[in-house]
Amino acid sequence: MAEPARSESAYPVGLRLSGRRVVVLGAGQVAQRRLPALVAAGADVLLISPSATPSVEAMAEAGEFRWERRRYRDGDLDGAWYALISTDDPAANEAASAEAEARRVWAVRSDDADAATAWTPATGRSEGVTVAVLTGRDPRRSAAVRDAVVEGLRDGSLAAPRYRARDTGTGPGSVALVGGGPGDPDLITVRGRRLLAEADVVIADRLGPRDLLDELPPHVEVIDAAKIPYGRFMAQEAINNALVEHARAGKTVVRLKGGDPFVFGRGMEEVQALAEQGIPCTVVPGISSTISVPAAAGIPVTHRGVAHEFTVASGHVAPDDARSLVDWAALAKLRGTLVLLMSVENIGAIAATLIHHGRPAGTPVAVVQEGTTAAQRRIDATLATAGERVKAEGIRPPAVIVIGEVVTVGPEPRG
């Protein structure tokens, strides 16, 4: 009676190898790639090989598995649940494969996939998810598919939300404070984009990457922080209350802020408000506009032989205002780059103060409005003319102002 034809497809399964014997024959490049995952799975690994690569030898010396420095012998697979056969001796591989078949041990053959009873998938991991891809005898395609899926999970372009009890009101949800970067949606961090894909509620600042909001699924509630009814509350207090309210309802909340949450973003106030209510909060740093917007306009905030430091200050309070915490006199004496945020309204007064305290009136100034977005616009001036130029050109927030010789380092500005 003829044997039935074997199917070319493989049955995918995840092996739980913790505490179970795994025998690895050979300690070359194949074993070097596979051993870390076997160790991470908690397998009781026995390596049998007369020699090993330096990396494998270092793992053995660290006690990550037992290594017997010899060649394969019949009986080595006794008690094994799984075997990796990867020696450079075809006869030994064939004998070990026959023993595995006789003992009903699933075995991978690095030299002959057709003779193996198991195939190793191309695997990748992202946030607790293991992706394993099998395409038969085409390992390069397996790796390409794996990479595409893992990258999609990591950057949020492949939406795969965690399923959990929602809207129960029986316990707190969670909040992620995400820095969205300077405005270009491609400049949010991979982790920030992934958390957005998992959100139930997004409370967004005006300066956050708005284009990303259009990608959210229909069920996600998007709240414009600028339009939260404030009533008798200060704006920030109202935002804090909204974060707490939605988290208490069991929602996964993302607070999407422009730039970095802790660079003039009042992010710590929100973290503190949540902590007082016992609500967990994850902080995801963002690319700050203080360096990214100048870079997008062709301005390095430091440059060899020009500026060895840069200082960031907020100009939302004028220099002569008693509430100002900035030592403008000290800043005027620095030789490096000065980057100003929230300073469009007060740039005239700030420039005059810097000149008064010794900064040359001819110091170059660049003002970059809506940096990194399609509406980006740059104007150039000096400290003496910055105030007038900003008014004449109708510059509006958000804008980053760069003061210093680095403004003239790059190519001639366009537009």
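Note that the structure is predicted; figures quoted are calculated from it, not measured.

Residues V263, F264, I291, F310, V312 and M342 make up a contiguous nonpolar surface patch of about 460 Å² in total accessible area. Residue placement: F264 occurs in the loop between β11 (252–257) and α7 (267–276). Judged by its relative accessible area of 40%, F264 is partly exposed.

To continue, consider the side chain of Q236. Mapped onto the fold, Q236 is located in helix α6 (residues 235–248). Separated by 2.9 Å, the side chains of Q236 and E270 make a polar contact. When residues no more than four places from it in sequence are discounted, the contact partners of Q236 are R266, E269 and E270.

Below, the discussion takes up the sheet that holds β11. As summarised here, the arrangement of the five strands in space is β10-β9-β11-β8-β12, forming an open sheet in which the pairing is parallel. Each having just a single partner strand, β10 (221–224) and β12 (281–284) make up the two edges of the open sheet. For this sheet, the mean angle separating the axes of adjacent strands, direction not counted, is 15 degrees. Taken together, the four bridges between strand β8 (residues 174–179) and β12 define a ladder with parallel strand orientation. Within β12, the position partnered with V175 by the bridge is C281.

Predicted confidence across the chain gives a mean pLDDT of 89, with 91% of residues reaching 70 or more. No element of the chain has a lower mean pLDDT than strand β6 (residues 122–126), at 76, and none a higher one than strand β14 (residues 337–341), at 98. Under a pLDDT of 50 for its full length, residues 1–5 has, in the predicted model, zero contacts with residues more than four places off or in other chains.

α7 packs onto α6 with a crossing angle of 45 degrees between their chain directions and a minimal axis gap of 10 Å. Regarding the angle of α6 to α7, the classification is oblique. Note on packing geometry: the crossing formed by α6 with α7 is right-handed. Across the interface between the two elements, Q236, I239, N240, L243 and V244 of α6 pack against E269, E270, A273 and L274 of α7. Classifying every residue of the contact of α6 with α7 by side-chain character gives five nonpolar, two polar and two charged.

A few words now on the pattern of salt bridges. In the structure shown here, the tally under the stated rule is 18 salt bridges. The shortest N-O distance in the salt bridge between E68 and R70 comes to 2.8 Å. Residue E68 is classed as partly exposed on the basis of its relative accessible area, which comes to 23%. Note on R70: relative accessible area 16%, which makes it buried. With its nearest N and O atoms 3.0 Å apart, the salt bridge here joins R377 to E393. Taken together, the residues R377 in strand β16 (residues 377–382) and E393 in the loop between α11 (386–392) and β17 (399–403) connect sequence positions 16 residues apart. Salt bridges here are not isolated pairs; linked through shared partners, they connect R66, E68, R70 and D76.

Spatially, the five strands line up as an open sheet ordered β3-β2-β1-β4-β5, and their pairing is parallel. Only two strands of the sheet have a single neighbouring strand rather than two, namely β3 (66–68) and β5 (106–109). This sheet shows a mean twist of 15 degrees between the axes of neighbouring strands, independent of strand direction. Relative to strand β4 (residues 82–85), strand β1 (residues 21–25) runs parallel, the two sharing four bridges. Looking at the pairing, L25 lines up with I85 of β4.

Time to look at the environment of A329. Within the element layout of this structure, A329 appears in helix α9 (residues 328–333). We classify A329 as partly exposed; its relative accessible area is 22%. Expressed as a C-alpha distance, the spacing of A329 and H356, which sit 27 residues apart in the sequence, is 8.4 Å.

This part takes up unusual backbone geometry. A cis amide bond links P397 to the next residue, P398, at an omega of 0 degrees. The residue P398 is located in the loop between α11 and β17 in this model. Within the chain, E370 stands out as a residue other than glycine whose phi angle is a positive 55 degrees. Examined against the element boundaries, E370 turns out to sit in the loop between β15 (364–369) and β16. The exposure class assigned to E370 is partly exposed, which follows from its relative accessible area of 21%. Not every positive phi belongs to a glycine, and T372 is a case in point at roughly 75 degrees. With respect to the secondary-structure elements, T372 resides in the loop between β15 and β16. Residue class for T372 comes out buried when judged on its relative accessible area of 13%.

Bringing the pairing of β1 into the picture now. Burial runs high along β1: four of the five residues are buried. Judged from the five bridges that link them, β1 and strand β2 (residues 44–48) form a sheet pairing that is parallel. Opposite R21, over in β2, you have D44 as the bridge partner. Handedness of the β1-helix α1 (residues 29–40)-β2 crossover: right-handed.

About the criteria used
- Residues numbered from 1 in each chain as written.
- Predicted model: local features only at pLDDT ≥ 70, side-chain atom pairs only at ≥ 80, totals over all residues.
- Heavy atoms only, no water.
- Patch = residues over 30% accessible without salt bridge, like charges linked within 9 Å, V, L, I, M, F, W, Y side chains within 5 Å.
- Areas by Shrake-Rupley, 256 points an atom, 1.4 Å probe, with all protein chains shown as cover.
- Salt bridge = Lys/Arg side-chain N within 4 Å of Asp/Glu carboxyl O.
- Helix = DSSP H or I, 4+ residues; strand = E, 2+ residues; numbered from the N terminus.
- Buried < 20%, exposed > 50% of the residue type's maximum accessible area, 1.4 Å probe, protein only.
- Polar contact = N/O pair within 3.5 Å; in protein donor to acceptor, adjacent residues only side chain to side chain.
- Contact = heavy atoms within 4.5 Å.
- Pairing = 2+ DSSP bridges.
- Axes fitted to C-alpha atoms, helices over the stretch in contact; angles between N-to-C directions.
- pLDDT = per-residue confidence, 0-100.
- Parallel < 35°, antiparallel > 145°, perpendicular 65-115°, else oblique.
- Left-handed = near helix turned anticlockwise from the far one by under 90°.
- Nonpolar A, V, L, I, M, F, W, Y, C, P; charged D, E, K, R; others polar.
- Right-handed = clockwise from strand over helix to strand, strands pointing away.

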